[in-house]
Amino acid sequence: QVQLVESGGGSVQAGGSLRLSCAASVGTFSRTTMGWFRQTLGKEREFVSAIRWWNSDTAYYADFVKGRFTTSRDNAKNTVYLQMNSLKPEDTAVYYCAALSSSLGAVFSPSSYGFWGQGTQVTVFS
C-alpha cells in the first residue's frame, strides 16, 4: 500500500510560518508528481500546490498562496515539503499531500490523485 504521512501542522499567529512535510512510501516517488490540497469543514478540497517529478522547479500554485507558499521535494528522502509563510486566518484548514495517479492528470484536480495522506491541521489565529 502506498502511504503518505503529513506532519508539521499546528497553530500559528497570522503572519507566521509553518513547514509541512509529507513522507511517502511510493516506490516511484522520484517519478511521481506530488500535490498539496486543503479542506475546511463544509468546503470542497481545494488545490494548493503541486510539483512535478522531472523538474524540481516545475511547481504550480493556487492564486491565493502565490508568493507565500513554496513547495519542494527531496527525492532522496521521499519527502515533499510545503513552506507556508505569511499565513492568514483563511489558510486555516486540514492540509493533505497526495500522489498523482498519472502524469496525464491535471495537477489542479483532486480526482487526479490516487493516494492521499491523513491530513495535518493548520490553524492561523489573527
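Not measured: the values here are computed from a predicted model.

Engineer: What exactly am I supposed to notice about the overall build of the protein chain here?
Structural biologist: Counting its regular elements, the protein chain contains 0 helices and 11 strands. The C-alpha radius of gyration of the protein chain comes to 13 Å, within 12% of the 14 Å expected for a compact globule of 126 residues. Each of the three principal axes of the protein chain carries a C-alpha extent, and together these read 40 × 30 × 25 Å. Here the protein chain, with 126 residues, has 44% of them falling under the buried criterion. Across the protein chain, contacts joining residues at least 24 apart in sequence account for 56% of those joining residues at least 6 apart. A total accessible area of about 6400 Å² is found for the protein chain, and carbon and sulfur atoms account for 49% of it. If you average the places of the 11 positive and of the 8 negative side-chain charges in the protein chain, the two averages end up 4 Å apart.

Engineer: So what exactly am I meant to see when it comes to the side chain of Arg68 here?
Structural biologist: Residue position: Arg68 is located in the loop between β6 (59–61) and β7 (69–74). When its relative accessible area of 9% is taken as the criterion, Arg68 is described as buried.

Engineer: What am I meant to see in the packing of aromatic side chains here?
Structural biologist: What describes a pair of aromatic rings is the distance from one ring centre to the other and the angle between the planes of the rings. In this structure the tally under the stated criterion is 7 aromatic pairs. Ring pairing ties together the aromatic residues Phe37, Phe47, Tyr60, Tyr96, Phe108, Tyr113 and Trp116, which thus form one cluster. The residue whose ring lies beneath Arg19 is Tyr81, and the NZ or CZ to ring-centre distance is 4.0 Å. The cationic tip of Arg45 hangs over the ring face of Tyr96; the distance from NZ or CZ to the ring centre is 3.8 Å.

Engineer: Would you explain the pairing of strand β11 (residues 120–125) in this entry?
Structural biologist: Look at any regular strand and the pattern is simple: side chains alternate between the two faces of the sheet. Sheet topology places strand β2 (residues 10–13) next to β11; 4 bridges connect them, and they run parallel. Looking across to β11, one finds that Ser11 is bridged to Thr123. Examined bridge by bridge, strand β9 (residues 93–100) and β11 share 3 bridges and lie antiparallel to one another. Looking at the pairing, Val94 lines up with Gln121 of β11.

What counts, and at which threshold
The written sequence of each chain sets the order in which its residues are numbered from 1. Where local features are concerned, this predicted model is filtered to residues with pLDDT of at least 70; where side-chain atom pairs are given and counted, the filter is 80 or more; whole-chain, interface and lining totals use all residues. Side-chain measures were taken over the full set of non-hydrogen atoms in the model, leaving aside hydrogen atoms and water. Put simply, DSSP H or I for four residues or longer makes a helix, DSSP E for two residues or longer makes a strand, and each gets a number counted from the N terminus. To get the radius of gyration, use the C-alpha atoms; to get the globule rule, take the number of residues to the power 0.38 and multiply by 2.2 Å. Accessible area is worked out with a 1.4 Å probe on protein chains only. A residue is then buried under 20% of its type maximum, exposed over 50%, and partly exposed in between. By the convention used here, residues are in contact when the closest approach between their heavy atoms is within 4.5 Å. A 1.4 Å probe and the Shrake-Rupley method give the accessible areas. Residues count as covered only by the protein chains that appear here. Charge convention: Lys and Arg are scored as positive, Asp and Glu as negative, and His as well as the terminal groups of each chain are ignored. Here the site of a charge means atom NZ of a Lys, CZ of an Arg, CG of an Asp or CD of a Glu. Ring geometry is summarised as follows: Phe, Tyr and Trp rings, the Trp one being its six-membered ring, pair when their centres sit within 6.5 Å, and such pairs are stacked at plane angles under 30 degrees, edge-to-face over 60 and tilted between the two. Two conditions define a charge sitting above a ring: the NZ of Lys or the CZ of Arg must be within 6 Å of the ring centre, and it must be within 35 degrees of the ring normal. Whether two strands pair comes down to DSSP finding at least two bridges between them.

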